[in-house]
Amino acid sequence: MLTSKTVSQLQVNSETATDFDVKQLKNVIYDGIFSHTMTTLTGGPLFIAFILSMGASNALVGLIIGFSFISQLSQIPAIFLVEKTGKRKLISFSASAISRILWIVIALTPLIFSGNLILLAIIFLIASSIANISTCSWNSWMRDLIPMNIRGRFLAKRLKLSFIPGMILSIIGGIFIDYWRKNYPGNESYGYSILFMLGAFLGIISLHFILHIPEPSIKRENKYLKALIQPFKDKNFRRLVIAMGLWSFAVNMASPFFAVYMLKILNFSISQIMILTVISQLSNTYFLGILGKLSDRFGNKPVLTVSSSTFIICILAWTFTTLPEKHLLSLPLLVVIHVLMGLSMAGTNLTIGNIAAKLSNPKNATAYLASISVVNSMLSGIAAILGGQTADFFIKRELAFTLQWKEPSKQLSIPILDFQGFDFHFLLASFIGFISLHLLSRVKEVGEEPTEKVMHEVVNEVKKDLKSLTAIWKPYRRMPRIPQIPAYLMNMGKIKRETNFPSQPTPPYNGFPQEN
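In this text, all values refer to a predicted model and were calculated from it rather than measured experimentally.

*Asks:* I keep staring at the overall build of the protein chain and nothing clicks. Help me out?
*Replies:* Secondary structure assignment for the protein chain yields 20 helices and 4 strands. A buried classification covers 56% of the 516 residues belonging to the protein chain. Restricting the contact set of the protein chain to residue pairs at least 6 apart, pairs at least 24 apart contribute 85%. As displayed, the protein chain has an accessible area near 22,200 Å², and 66% of this comes from carbon and sulfur atoms.

Next comes the structure, spelled out in structure tokens:
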């Protein structure tokens, strides 16, 4: 929570001070809440289930999801636009408004375009490209607005407060879609259209709060080509770009097909999938506070290493959810996987941008942040498209190891290992992921602590909260980190105009990749 003590820290490392009311930080929080609820209702499992309901194959799912990553290439011209005009607020607001209006068109695709998947893919690509122009300017804008010494904690708070309404809407949306599928089986896609319309409306509401966020001045060099190439000449930063690019490749080769796997292979309902998604988000919300503090104490790289390796292990664990069919431990295993994926995404969302900011040149921060985004997006897009092809290729393949015992009257078979269909897909993705972890170990960050310290601290924090849960008869003990949205926002409102915000703190914004 922002306190008067925290407010006084906002003046630290200020290079050029400008008068600013800290209460206006509420608008960054409110924007995050409404933007995230839009993402919840228009993305993830719901969007994949939407295109599957319209008859999309695995290959087409991979192609459409790949478009969402390839669209981030629009950040290249966005760099030039930001550096040329310096109007980051105007760019972010305008691009966000256009992309969210296009989501209304996507929602109406089953009605006005008869469910044309090719047209939907084109509109989706345009909307995503425009949204990423907004993301580029937003990253640069927040980099100059939020001071480095509180950035990790503040962004963790923003993400946590954004997740709460998103989780509630996830469950409601899943229950609504199951109800719609049961009662209107011939018009299943129309149910998704209703959710997407609601999501687009919430996204448009967030534009109001963007208008009320102050914009610090930007220092422009107007050397576009040099700015674009400079990050790749930096050896240490180049190592980070390659490591994170391969990690993104592995993650996005597998993750778009988690929902497909649960729908087609495990025969889960939409509400079951959304409950698992909420479990992951709850885990994300819980670990954001822990990992945000640890990144400030021990450095970003050790937290990123723990988080990214956890996700790769989770990808590998998906292969054991069937042996070879759905089994008694399938659901418990999926719960554990989603908890660990929540931990992983909490750490990676906080630290990828932070370490990129720390290793970048502050005079060229926009290009540094965009360069890692562009490489990640290219490899992620290729991974999703390739993933759709490999998923279809392996769907009829199987590799099994079975322990057999034969007697004259009976035969006992125990499956030891059985890979088929998506199992090969997840296995290949996890192999690429482990390569990326090796490359990440070669990246150097000033002040980084051993990874073992982070792992030890995470375990200790979880133990403390578990003890608090079991010791309910001792109310003075610390309870788990459950964000108090109204209280937090009210306390922010009480902070007086008693501080200055730096217009050019040394490291850039750490919320990458962060949709405004």
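*Asks:* Would you mind going over the environment of Ser57 with me for this structure?
*Replies:* With respect to the element layout, Ser57 can be found in the loop between α3 (44–53) and α4 (58–70). On the basis of relative accessible area, Ser57 is assigned to the partly exposed category, the value being 35%. Residues Ser57 and Val260, 203 residues apart in the sequence, show an inter-C-alpha distance of 10.0 Å.

*Asks:* Explain the environment of Trp103 to me, please; I cannot follow it from the model alone.
*Replies:* Within the secondary structure, Trp103 is located in helix α6 (residues 88–107). The sequence separation of Trp103 and Met197 amounts to 94 residues, and the corresponding C-alpha distance is 7.5 Å. When neighbours within four sequence positions are excluded, Trp103 is seen to be in contact with Met38, Thr42, Phe47, Phe124, Phe196 and Ala200.

*Asks:* I would appreciate a short explanation of the pattern of salt bridges in the present structure.
*Replies:* If charged atoms from side chains of opposite charge come close, those side chains can pair. Taken as a whole and judged by the stated rule, the model has 5 salt bridges. Taking the shortest distance from any N to any O, the salt bridge between Arg158 and Asp31 comes out at 2.8 Å. Taken together, the positions of Arg158 in helix α9 (residues 148–183) and Asp31 in helix α2 (residues 25–42) put the pair 127 residues apart, joining distant regions of the chain. No difference in accessibility class separates Arg158 from Asp31, as the two residues are buried. Ionic pairing is found between Glu457 and Arg297, a salt bridge with its closest N-O pair at 3.8 Å. Taken together, the positions of Glu457 in helix α19 (residues 451–470) and Arg297 in helix α14 (residues 270–298) put the pair 160 residues apart, joining distant regions of the chain. Classification of Glu457 by relative accessible area gives buried; the value is 18%. Put simply, Arg88, Asp144 and Glu215 are held in one network by salt bridges that share partners.

*Asks:* I would appreciate a short explanation of the nonpolar core in the present structure.
*Replies:* Considering soluble globular proteins, one finds that nonpolar side chains tend to be buried as a cluster. With 86 residues, the main nonpolar core has Phe47, Ile51, Val61, Leu240 and Trp318 as its most contacted residues. Apart from the residues lying within four places of it in its own chain, the contact partners of Val61 are Ile48, Ile51, Leu52, Ala56, Phe257 and Val260. Met167, Leu288, Ile290 and Val458 belong to the second largest nonpolar core, which has 19 residues in total.

*Asks:* Could you clarify how one ought to interpret a nonpolar patch on the surface in this entry?
*Replies:* Taken together, Leu111, Ile112 and Phe113 make up a surface patch of nonpolar side chains, about 270 Å² in accessible area. Within the secondary structure layout, Ile112 lies in helix α7 (residues 109–112).

*Asks:* Could you clarify how one ought to interpret α4 in this entry?
*Replies:* Note that an α-helix has 3.6 residues per turn; residues three or four places apart therefore point the same way. Given a rise of 1.5 Å per residue, 13 residues ought to cover 18 Å, and the 18 Å separating the end C-alpha atoms of α4 matches this to within 8%. With 11 of 13 residues buried, α4 is to be regarded as a mostly interior element. Considered for burial, the residues of α4 that qualify are Asn58, Ala59, Leu60, Val61, Gly62, Ile64, Ile65, Gly66, Phe67, Ser68 and Phe69.

*Asks:* It is not clear to me how the packing of aromatic side chains should be interpreted in this structure. Could you clarify?
*Replies:* Given two aromatic rings, their pairing is described by the distance between the two centres and the angle made by the two planes. Applying the stated rule across the entire model yields 23 aromatic pairs. Ring centres 5.7 Å apart and planes at 80° place the aromatic pair Tyr261 and Trp318 in the edge-to-face group. Within this pair, whereas Tyr261 is found in helix α13 (residues 258–264), its partner Trp318 is found in the loop between α15 (300–317) and α16 (330–359), the two being separated by 57 residues in sequence. Just as Tyr261 is buried, Trp318 falls in that class too. Joined through ring pairs, the aromatic side chains of Phe47, Phe50, Trp103, Phe124, Tyr192 and Phe196 make up one cluster.

*Asks:* How do you make sense of α6 when you look at a structure like this?
*Replies:* End to end, α6 covers 29 Å across 20 residues, agreeing with the expected 28 Å (1.5 Å per residue, within 8%). Taken together, the buried positions of α6 are Arg88, Ile91, Ser92, Ala95, Ser96, Ala97, Ser99, Arg100, Trp103, Ile106 and Ala107. Residues of α6 that are buried sit in contact with α2, α3, α5 (75–85), α7, α8 (117–145) and α10 (188–211).

What counts, and where the lines are drawn
Residues numbered from 1 in each chain as written. Predicted model: local features only at pLDDT ≥ 70, side-chain atom pairs only at ≥ 80, totals over all residues. Heavy atoms only, no water. Helix = DSSP H or I, 4+ residues; strand = E, 2+ residues; numbered from the N terminus. Buried < 20%, exposed > 50% of the residue type's maximum accessible area, 1.4 Å probe, protein only. Contact = heavy atoms within 4.5 Å. Areas by Shrake-Rupley, 256 points an atom, 1.4 Å probe, with all protein chains shown as cover. Salt bridge = Lys/Arg side-chain N within 4 Å of Asp/Glu carboxyl O. Core = buried A, V, L, I, M, F, W, Y, C linked by side-chain atoms within 4.5 Å. Patch = residues over 30% accessible without salt bridge, like charges linked within 9 Å, V, L, I, M, F, W, Y side chains within 5 Å. Expected span 1.5 Å × (residues − 1). Phe/Tyr/Trp six-rings, centres within 6.5 Å; stacked < 30°, edge-to-face > 60°.

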